[in-house]
Amino acid sequence: MAAPPDAEGSPALSLELLPTDPLLLILSFLDYRDLVSCCYLNRRLNQLSSHDPLWKRHCKKYWLISGEEKRRRNQGWRAIFISTYCDLGRYIHCYATLKKAWDDLEQYLGQWCPRMISSLKESVREEDLDAVEAQIRCKLPDDYRCSFRIHNGQKLVVPGLMGSMALSNHYRSEDLLDIDTAAGGFQQRLGLKQCLPLTFCIHTGLSQYMALESVEGRNKYEIFYQCPDQMARNPSAIVMFITGTSYLEWFTSYVNKVVTGGYPIIRDQIFRYVHDKDCVATTEDITVSVSTSFLPELSSVHPPHYFFTYRIRIEMSKDALPENICQLESRYWRITNAKGDVEEVQGPGVVGEFPVISPGKVYEYTSCTTFSTTSGYMEGYYTFHCLSNKDRFFNVTIPRFHMVCPTFKVSTA
């Protein structure tokens, strides 16, 4: 049917008369919701919005579908988008972020920690997650569910996917729990009411929990380490060291730290030492850098006792002259807490050793300290003597490094 003329007698502009290419260009800027809506407006828009290349961008943006994956499926872009949406549509706001995090982590592990790959478990189904919700009588957040549609955590093995920490007489390695194990550890007792464990260390029994409801002073979906309040008479009184505000933030920030090299790989496992790039000092040919970590399982708020471990790296430049080979004689520390109280420590060697440093060589060691305040810092120097001239002694600066415990809350149970 011809379009009715306008007031001046000219035919009104009709959608049917517009050329296809400009319309497709306009539609290419629409989000998938608007593109779907166009299907119901009229026959022309229905045909145009079904144009398969329009859905390529949405498949890549929301589902991370590559051209290779499309060829493997032997489907069009629109068909892939619709079938994936039918399966994972409730997670469209977070799926791409979590899938990229998992993909990046797997690629990194394959290069640096290959034995960890075999500990990852396959995805679970929607009905499995629904069954867990029925079992614990609590709703799981969508970002948590979505992550388990990609990988169902890992097997209870060592090393754990969520990082390790080791001292001379203490070792922790946290596994990311699968959904059934997490549901089995769901807590309803006072102090941890409606809390779901996300991680577990088989050596220390330490877990990180996620609050599924806002009770006992916690925010909904907050993630934390728990430690007992040693001065409270009530055994349900706990202190919570906050490690995340949501599963999405908690998991993706950890993965980002791993894949960007923020955590060192030691003995084929991820160690959760944090290194401040400014925490480096060079004296002559020797560079000293420091990374630190807070250990909640060895800390206490009541009484105040905050436990930190630090890892020192001492390296001599590979361009140093051979006659610059030297040996560490002693150490000096100046330790300052948040109140400004200062403690000085001086003694022979480091951790009972007197390492020799030569061009291109690295010496690393781990030690620990405690503060009665939630933060503090250390600085100092090492005294070396030159092996080619034993009368020559010199000090090497240890840069100031700060240690701060995470935000914590006291349970209101």
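By the naming in an unreviewed UniProt entry, the protein chain is FBX3 protein, taken from Regulus satrapa. In UniProt, the protein chain has this text filed under Pathway (unreviewed entry): "Protein modification; protein ubiquitination."

Caption draft 1: Local environment of the overall build of the protein chain. A count of helical and extended segments in the protein chain gives twelve helices and 20 strands. The dimensions of the protein chain, computed from C-alpha atoms along their principal axes, are 105 × 60 × 45 Å. Within the protein chain, the proportion of its 413 residues that are buried is 47%. Surface summary for the protein chain: the accessible area is close to 20700 Å², and the carbon and sulfur share equals 51%. Side chains of the protein chain carry 44 positive and 47 negative charges; the gap between the two charge centres is 3 Å.

Caption draft 2: Examining the pattern of salt bridges more closely. Scanning all chains against the criterion turns up 27 salt bridges. Between Arg311 and Glu364 there is a salt bridge, with its nearest N and O atoms 3.1 Å apart. On the criterion of sequence distance, the pair formed by Arg311 in strand β13 (residues 306-316) and Glu364 in strand β17 (residues 362-371) is long-range, its members being 53 residues apart. On the accessibility criterion, Arg311 (15% relative accessible area) is buried. Between Glu315 and Arg313 there is a salt bridge, with its nearest N and O atoms 3.4 Å apart. Through salt bridges with shared partners, one network takes in Asp87, Arg90, Glu126, Asp130, Glu133, Lys139, Asp142, Arg145 and Arg149.

Caption draft 3: Structural detail: the packing of aromatic side chains. Evaluated as defined, the whole model comprises 28 aromatic pairs. Considering the side-chain rings of Trp63 and Tyr95, the 5.5 Å spacing of their centres and the 65° angle between planes classify their relative orientation as edge-to-face. Within this pair, whereas Trp63 is found in helix α4 (residues 56-63), its partner Tyr95 is found in helix α7 (residues 95-112), the two being separated by 32 residues in sequence. Considered together, Trp63 and Tyr95 belong to a single accessibility category, that of buried residues. These aromatic residues form a ring-pair network of at least three members: Tyr32, Trp55, Tyr62, Trp63, Phe81, Tyr85 and Tyr95.

Caption draft 4: The sheet that holds strand β4 (residues 195-197), seen in detail. Strand order in this open sheet of five strands is β4-β6-β7-β8-β20, and the pairing throughout is antiparallel. Every other strand in the sheet has two partners, leaving β4 and β20 (408-410) as the edge strands with one partner each. Between one strand and the next, the sheet's axes are offset by a mean angle of 40°, whatever the strand orientation. Of the pairings in the sheet, the one linking strand β7 (residues 223-228) to strand β8 (residues 238-244) comprises six bridges and is antiparallel in character. Paired with Tyr225 across the two strands is Phe241, which belongs to β8.

Caption draft 5: Up close: the nonpolar core. Counting residues in hydrophobic clusters, the biggest one holds 62 residues, and the most contacted among them are Leu140, Tyr144, Leu161, Tyr247 and Phe251. In terms of residue count, α7 provides more of this core than any other element does, seven residues in total. There are two domains that each give this core at least three residues, and those are domain 1 (20-90) and domain 2 (96-258). Every residue in contact with Tyr247, bar those within four places of it in the chain, is listed here: Leu98, Asp143, Tyr144, Ser147, Phe148, Leu176, Leu198, Met210 and Ile223. Core analysis: the second largest hydrophobic core is formed by 36 residues, Leu206, Phe241, Phe394 and Cys405 among them.

Caption draft 6: Summary view of helix α6 (residues 77-88). Over its twelve residues, α6 runs 16 Å from end to end, which matches the ideal 16 Å to within 8%, given 1.5 Å per residue. Within the sequence span of α6, burial applies to Trp77, Ile80, Phe81, Thr84 and Leu88. Projection of α6 onto a plane perpendicular to its axis shows the buried side chains occupying an angular sector of 100°, all on one side. Looking at the buried side of α6, the elements it contacts are α2 (32-38), α4, α5 (67-73), α7 and α10 (142-150).

Caption draft 7: Here's a closer look at the sheet that holds strand β11 (residues 274-283). With antiparallel pairing, the four strands of this open sheet are ordered in space as β11-β12-β13-β17. Either end of the sheet is taken by a strand with one partner, and the two such strands are β11 and β17. Neighbour-to-neighbour, the strand axes of this sheet turn through a mean angle of 20°, independent of strand direction. Direction of pairing for β13 relative to β17: antiparallel, over a ladder of ten bridges. Bridged to Arg311 within β17 is Thr366.

Caption draft 8: Representation of the domain arrangement of the protein chain in the model. Once the domains are mapped, the protein chain shows domain 1 (20-90), domain 2 (96-258) and domain 3 (273-404). Put simply, the middle of domain 2 and the middle of domain 3, counted by C-alpha atoms, are 33 Å apart. Counting residues at the interface gives 14 residues for domain 2 and 18 residues for domain 3. When the two sides are added together, the surface that domain 2 and domain 3 hide from each other amounts to roughly 1300 Å², 73% of it contributed by carbon and sulfur. At the junction of domain 2 with domain 3, the criterion picks out one salt bridge. With its nearest N and O atoms 2.8 Å apart, the salt bridge here joins Arg172 to Glu297. In this structure, the connection of domain 2 to domain 3 is made through three residue pairs in polar contact (both at pLDDT 80 or more). Counting residues per element, the side of domain 2 that touches domain 3 draws most heavily on strand β1 (residues 164-167), which supplies three residues. Residues belonging to the side of domain 2 that touches domain 3 are distributed by class as follows: nine nonpolar, two polar and three charged.

Thresholds applied
Residues numbered from 1 in each chain as written. Predicted model: local features only at pLDDT ≥ 70, side-chain atom pairs only at ≥ 80, totals over all residues. Heavy atoms only, no water. UniProt positions renumbered as here; feature names shortened; annotations may be inferred. Helix = DSSP H or I, 4+ residues; strand = E, 2+ residues; numbered from the N terminus. Buried < 20%, exposed > 50% of the residue type's maximum accessible area, 1.4 Å probe, protein only. Areas by Shrake-Rupley, 256 points an atom, 1.4 Å probe, with all protein chains shown as cover. Lys, Arg positive; Asp, Glu negative; His and termini not counted. Charge placed at Lys NZ, Arg CZ, Asp CG, Glu CD. Salt bridge = Lys/Arg side-chain N within 4 Å of Asp/Glu carboxyl O. Phe/Tyr/Trp six-rings, centres within 6.5 Å; stacked < 30°, edge-to-face > 60°. Pairing = 2+ DSSP bridges. Axes fitted to C-alpha atoms, helices over the stretch in contact; angles between N-to-C directions. Core = buried A, V, L, I, M, F, W, Y, C linked by side-chain atoms within 4.5 Å. Domains from an automatic or database assignment. Contact = heavy atoms within 4.5 Å. Expected span 1.5 Å × (residues − 1). Arc of directions from axis to C-beta. Buried area = accessible area lost by both parts, 1.4 Å probe. Polar contact = N/O pair within 3.5 Å; in protein donor to acceptor, adjacent residues only side chain to side chain. Nonpolar A, V, L, I, M, F, W, Y, C, P; charged D, E, K, R; others polar.

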